[in-house]
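# Examination of the molecular architecture
Residue strings, one per chain:
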Amino acid sequence: METSIQKLLRRNIASFKAYSSARQEFDGKGMIFLDANENPNENGVNRYPDPQQEQLKKLLSLKNEVSAEQIVVGNGSDEILDLIIRAFVSPGKEGMISLKPSYGMYKVLAELNDVFLDEIPFEEDFEINIENLLDAVRPETKLMLLCSPNNPTGKSLSLEQIENLLDRFQGIVVVDEAYIDFSNSPSAVSILRSQPRLIVCQTLSKAYAMAGLRVGYAMASPQITRVLNAIKPPYNVNTLSQEKAIELLRDKETFEAQLEQSNTERGFLLKALKYVPIVKKVYPSEANFILFEVDNADLRYKQLKSKGIVVRNRNKDFGCKNCLRLSVGLPEQNIKFIKTLNSLK
Ligand SMILES: *Cc1c(COP(=O)(O)O)cnc(C)c1O
């Protein structure tokens, strides 16, 4: 098992020696720290942050029922995705496969890293075609990027589909679960134990209401997390973000209440949208957004903006002609949105 992951790594990474930061070599309490060239005047942020985010990882490990050593924390899950590519996919020759339409950052990260990204279209109603996806895998395809629930379609993959793909694709499979909290579908974390090539990414940016903190994390087998933790920038999550994330994660009641409200509001919007004359189709959603088709997305997008409401125009995305993506707002915002959409001429 160890060797199979080892073989999938970029060659330079397989033999990589991590930078050993001062705080990593020594973080004992009650010591006089004269080792990191910090300003010794304590103000709450004069010290470097914990490079391994131990307290935060402890909370995340309890929440997800994985061990702390199976977690990598990043400056947003976008950083985690970048780290995964830099660990496994060699520039100039290797690449990744994903589905379209999906999260736009995959393409950006592929280009930045000079690796290819083959994007395989979803079928009708954004259903995955597993055979097409596997047929498009090349010998140089190292990584499969799956987003579930998918942005911008709102549809999830089942665990059976993910397991099927892991059985038949021999590279690393990443399941991006940025929206998993809003869904009733089970998280792929539940199959991590039996899947050493699986990486599950989650984030505090969406359901946990901390987009401004930039905290995302991956969960995977220790063979994988050991590598990702070694190659990440040593102090990638700053002190204030770690502290605030710990504080907010402990407030489970607020999280539960907001999640319930979001899902209730999603239900309201899904129904209400169907009665708006300019709306042609509403896609079901397991996330905190709704993709819907209108008569003319560019026009309606502009009209909404002129009335002070900003949605995402997905008209140019594959399979999303004349589609807008609406994030679920507060109850009064959602009512205002529906009223405004109804008033457009
Ligand atoms: C929002 C989003 C992310 C980004 O998460 P950050 O932790 O804020 O970087 C990742 N993946 C998908 C699919 C998203 O929609």
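The rules we used
Within each chain, residue numbers correspond to sequence positions counted from 1 in written order. Given that the model is predicted, a residue must reach a pLDDT of at least 70 before its local features are reported, and side-chain atom pairs must reach 80 or more before they are shown or counted; all residues, however, enter totals for whole chains, interfaces and linings. Processing note: side-chain calculations cover all non-hydrogen atoms of the structure and skip hydrogens and water entirely. By convention, a stacked pair of Phe, Tyr or Trp rings (six-membered ring in the case of Trp) has centres within 6.5 Å and planes under 30 degrees apart, an edge-to-face pair has planes over 60 apart, and any other such pair is tilted. Runs of H or I in DSSP of at least four residues are treated as helices and runs of E of at least two as strands, each being numbered from the N terminus. When a residue's accessible area, from a 1.4 Å probe over protein chains only, is under 20% of the maximum for its type it is buried; when over 50% it is exposed; and in between it is partly exposed. If a single non-hydrogen atom of a residue is within 4 Å of a molecule or strand, that residue counts as near it. Polar contact is defined as a pair of N or O atoms within 3.5 Å, subject to the rule that within protein one atom must be able to donate a hydrogen and the other to accept it, and that residues adjacent in sequence are counted only when both atoms are side-chain atoms. The Shrake-Rupley method, run with a 1.4 Å probe sphere, supplies the accessible areas, and residue values consider only the shown protein chains as cover. Directions from the helix axis toward the C-beta atoms define the arc.

### A closer look at the packing of aromatic side chains
One pass over the full model with this rule turns up six aromatic pairs. Relative to Tyr 283, the ring of Phe 126 lies with its centre 4.8 Å away and its plane at 50°, an arrangement referred to as tilted. Taken together, the residues Phe 126 in the loop between β3 (116-121) and α7 (130-135) and Tyr 283 in the loop between β8 (279-282) and β9 (289-294) connect sequence positions 157 residues apart. The same class applies to Phe 126 as to Tyr 283, namely buried. Ring geometry for Phe 292 against Phe 337: centres 6.3 Å apart, planes inclined by 70°, an arrangement best described as edge-to-face.

### Topic: the site of the ligand
Contacts to the ligand come from 13 residues, most closely from Asp 176, Tyr 179, Thr 203, Ser 205 and Lys 206. Asp 78 places a polar main-chain atom, nitrogen or oxygen, 3.1 Å from an oxygen atom of the ligand. In this structure, Asn 151 approaches the ligand through a side-chain N or O atom, which is 2.9 Å from an oxygen atom. Starting from 390 Å² of accessible surface for the ligand in isolation, the protein chains cover 94%.

### Here's the deal with the environment of Gln 333
With respect to the element layout, Gln 333 can be found in helix α13 (residues 331-343). Exposure remark for Gln 333: the relative accessible area of 45% places this residue in the partly exposed category. For the pair Gln 333 and Ile 309, spaced 24 residues apart in sequence, the C-alpha separation works out to 9.2 Å. Among the polar contacts made by the side chain of Gln 333, one reaches the main-chain amide nitrogen of Leu 330 at a distance of 2.8 Å.

### So, helix α6 (residues 105-112)
Looking at α6, one finds that the buried residues are Tyr 106, Leu 109 and Ala 110. Looking down the long axis of α6, one finds its buried residues gathered within 105° of arc, a one-sided arrangement. Exposed and oriented more than 90 degrees from the buried face of α6 are Glu 111 and Leu 112.

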